[in-house]
Amino acid sequence: MKISIGCDHGGFKLKEKIKEYLTSKNIEVDDYGTFSSESVNYPNYAISVSKSVVDKKSDLGILCCGTGIGMSIVANKIPGIRAAVVGDTFSAKATKEHNNTNILCLGERVIGEGLALDIVDIWINAEFQGGRHQDRLDSITAVEQGNI
Ligand code: RB5
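The numbering scheme is per chain: residues are counted from 1 as the chain's sequence reads. Under the rules for a predicted model, residues below a pLDDT of 70 receive no local features and side-chain atom pairs below 80 are neither given nor counted, while totals for whole chains, interfaces and linings still include all residues. Neither water nor hydrogens contribute to the side-chain values; these are computed over all heavy atoms in the structure.

1. Examining the UniProt feature "active site" (unreviewed entry) in the protein chain
To be explicit about the condition: UniProt positions are given in the numbering used here, feature names are shortened, and annotations may be inferred rather than shown by experiment. In this text, helices come from DSSP runs of H or I with a minimum length of four residues, and strands from runs of E with a minimum of two, each type numbered from the N-terminal end. Buried, partly exposed and exposed residues are distinguished by accessible area as a fraction of the type maximum, computed with a 1.4 Å probe on protein chains only: under 20%, between the cut-offs, and over 50%, respectively. What makes two residues a contact is simply this: any of their non-hydrogen atoms within 4.5 Å.
The UniProt record annotates "active site" (unreviewed entry) at C65 and H98. These annotated residues cover 34 residues of sequence, and their C-alpha atoms reach 24.2 Å apart at the extremes, leaving them scattered rather than at a single site. By the element assignment, C65 lies in strand 3 (residues 60-65). For C65, a relative accessible area of 3% gives the class buried. Apart from residues no more than four positions distant in its own chain, C65 is found in contact with D8, G10, G11, G70, M71, L106, G107 and E108. When you line up the elements, H98 lands in the loop between helix 4 (89-97) and strand 5 (103-107). Excluding its chain neighbours within four sequence positions, the residues that come into contact with H98 are F128, Q129, H133 and L137.

If you want it as structure tokens, here you go:
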């Protein structure tokens, strides 16, 4: 499995921790930056990671900013991306099983490192359940394609 990761200055420390964690689990990581705590604009990183997922250069993406919210707003504008801000372990599992999210957004200023790594672990290992959930994703794709 390969995971693309990205962040702005507000999520830099958490992104580094996640990179370390994934690498320790022998998961390949593509790091799209940013690479310091210097102030940057989060949309650039959300777009790079989203494109890497849509272009199948990686299987999943993880984006960190102060809240996770800005990253999720941008990522969800890229056709083919289903991104969710997650701050608890129940939602981490549900958003893969039901929404088949391909990008996880985390807020470094909102949750601690321990919870963030638990969320990452649960989200990566959860599996989409298909069935009625696929029907709902098909409706989302129809919206993306302007068929509403
Ligand atoms: C940066 O200050 C902050 O706005 C950003 O990290 C994020 O929280 C935006 O949603």
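So much for the structure itself; the text now carries on.
2. Some words on the site of the ligand
Here is the rule: Here, proximity means that at least one heavy atom of the residue falls within 4 Å of the molecule or strand. Polar contacts, as used here, are pairs of N or O atoms within 3.5 Å; protein pairs need one atom able to donate a hydrogen and one able to accept it. Residues neighboring in sequence count only if both atoms are side-chain atoms. Per-residue and other accessible areas were derived by the Shrake-Rupley procedure at a 1.4 Å probe size, with only the shown protein chains allowed to occlude residues. Under this grouping Gly is polar, as are all residues other than the nonpolar Ala, Val, Leu, Ile, Met, Phe, Trp, Tyr, Cys and Pro and the charged Asp, Glu, Lys and Arg.
As a matter of local geometry, the ligand sits amid D8, H9, Y42, C65, G66, T67, G70 and R109. Residue G70 places a main-chain N or O atom 2.8 Å away from an oxygen atom belonging to the ligand. Expressed as a share of its isolated accessible area of 290 Å², the protein-covered part of the ligand is 73%. Tallied by class, residues from the shell around the ligand come to 2 nonpolar, 4 polar and 2 charged.

3. Focus: the sheet that holds strand 2 (residues 28-31)
To keep it simple, the criterion reads: Whether two strands pair comes down to DSSP finding at least two bridges between them. A fitted line through C-alpha atoms represents every axis, and for helices the fit uses only the stretch in contact; the resulting angles, taken between N-to-C directions, go from 0 to 180 degrees.
Here we have 5 strands laid out as an open sheet, ordered 2-1-3-5-4, and parallel in their pairing. Strands with a single pairing partner mark the edges of an open sheet, and in this sheet they are strand 2 and strand 4 (83-85). Across the sheet, the mean angle from the axis of one strand to that of its neighbour is 25°, orientation sign disregarded. Both strand 1 (residues 2-7) and strand 2 contribute to a ladder of 4 bridges, which runs parallel. By the bridge assignment for strand 2, S4 is matched with D30. Docked against the sheet, helix 2 (residues 42-54) engages strand 1, strand 3 and strand 5, running at close to 170° with respect to strand 3.

4. Considering the environment of D118
Tracing the sequence through the fold places D118 in helix 5 (residues 113-125). Given a relative accessible area of 44%, D118 falls into the partly exposed group. Note: C-alpha distance between D118 and V29 (89 residues apart in sequence) is 18 Å.

5. A word on the UniProt feature "binding site: D-ribulose 5-phosphate" (unreviewed entry) in the protein chain
In the UniProt entry, the feature "binding site: D-ribulose 5-phosphate" (unreviewed entry) is given for D8, H9, G66, T67, G68, I69, G70, N99, R109, R132 and R136. Of the residues just listed, which span 129 residues, the most distant C-alpha pair is 38.9 Å apart, and they do not cluster in one region. With respect to the helices and strands, the residue T67 is situated in the loop between strand 3 and helix 3 (69-75). Among all residues touching T67, those that are not within four sequence positions of it are V85, L106, G107 and V110.

6. So, the packing of aromatic side chains
Basically, it comes down to this: Here a pair means two rings of Phe, Tyr or Trp (six-membered ring of Trp) with centres within 6.5 Å. Their orientation is stacked below 30 degrees between planes, edge-to-face above 60, and tilted elsewhere. Charge-over-ring placement is defined geometrically: NZ (Lys) or CZ (Arg) within 6 Å of the ring centre, and within 35 degrees of the ring normal.
The tally for this structure, following the rule as stated, stands at 0 aromatic pairs. For K96, the ring lying beneath its charged end belongs to W123, and the centroid distance is 5.2 Å.

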